[in-house]
Amino acid sequence: YLLGQRTARWTDSNVHYCSLTSGGTALWCDWASRHPRMDVDGFQSDTPIGLLLNLDEGTLSVYQNAHRVATLKDGLSGEYCWF
């Protein structure tokens, strides 16, 4: 359904979702397949996180203790929602 709702604002981005587990494992999926998991170095499972979706840069980054821990995905464009 969602792929059928694609608009011109998506440009060439093919990212369906990005995920970060409570243990610090990140992954993303395009509309056809999952991509390799990434262990986030320095991630602290008992520390609150912040997520920054920067659509000017096209990145999704995770923060802990006011410091960027990792960029989870780049090359993002279009419309996104949190779930």
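Quick summary incoming for the structure in this document. Keep in mind that what you see is a predicted model, and the values were worked out from it rather than measured.

Despite not being glycine, Asn65 shows a phi value in the positive range, around 50°. Here Asn65 shows up in the loop between β5 (59-64) and β6 (67-73). Positive phi values are uncommon outside glycine, yet Ala66 reaches one of about 65°. Taking relative accessible area as the criterion, Ala66 reaches 73% and is therefore assigned exposed.

Turning our eyes to something else, we now look at the nonpolar core. Counting residues in each nonpolar core, the largest one holds 10 residues, listed as Val15, Ala26, Trp28, Val40, Phe43, Leu60, Val62, Ala70, Leu72 and Leu76. Where this core is concerned, the elements lending two or more residues are β2 (25-30), β5 and β6. With near-sequence residues (within four places) excluded, Leu60 lies in contact with Cys18, Leu51, Leu52, Leu53, Thr71, Leu72, Lys73, Leu76 and Trp82.

Further remarks concern the packing of aromatic side chains. Going through the model one piece at a time under the given rule, you end up with 0 aromatic pairs. It is Lys73 that lies over the ring of Trp28; its NZ or CZ is 4.1 Å from the centre.

To continue, consider the sheet that holds β2. Strand pairing in a sheet takes place through backbone hydrogen bonds and is either antiparallel or parallel in direction. Pairing is antiparallel in the open sheet, where 3 strands are placed in the order β1-β2-β3. Single-partner strands in this sheet number two, and they are β1 (15-20) and β3 (38-39). Inspection of the sheet shows β1 paired to β2 by 5 bridges, in the antiparallel sense. Paired with Ser19 across the bridge in β2 is Leu27.

Another aspect to go through is a nonpolar patch on the surface. On the surface, Ile49, Leu51 and Trp82 cluster together into a nonpolar patch covering about 320 Å² of accessible area. Relative to the elements of secondary structure, Leu51 occurs in strand β4 (residues 50-54).

Cut-offs used in this document
Residues numbered from 1 in each chain as written. Predicted model: local features only at pLDDT ≥ 70, side-chain atom pairs only at ≥ 80, totals over all residues. Heavy atoms only, no water. Helix = DSSP H or I, 4+ residues; strand = E, 2+ residues; numbered from the N terminus. Buried < 20%, exposed > 50% of the residue type's maximum accessible area, 1.4 Å probe, protein only. Core = buried A, V, L, I, M, F, W, Y, C linked by side-chain atoms within 4.5 Å. Contact = heavy atoms within 4.5 Å. Phe/Tyr/Trp six-rings, centres within 6.5 Å; stacked < 30°, edge-to-face > 60°. Lys NZ or Arg CZ within 6 Å of the ring centre and 35° of its normal. Pairing = 2+ DSSP bridges. Patch = residues over 30% accessible without salt bridge, like charges linked within 9 Å, V, L, I, M, F, W, Y side chains within 5 Å. Areas by Shrake-Rupley, 256 points an atom, 1.4 Å probe, with all protein chains shown as cover. Salt bridge = Lys/Arg side-chain N within 4 Å of Asp/Glu carboxyl O.

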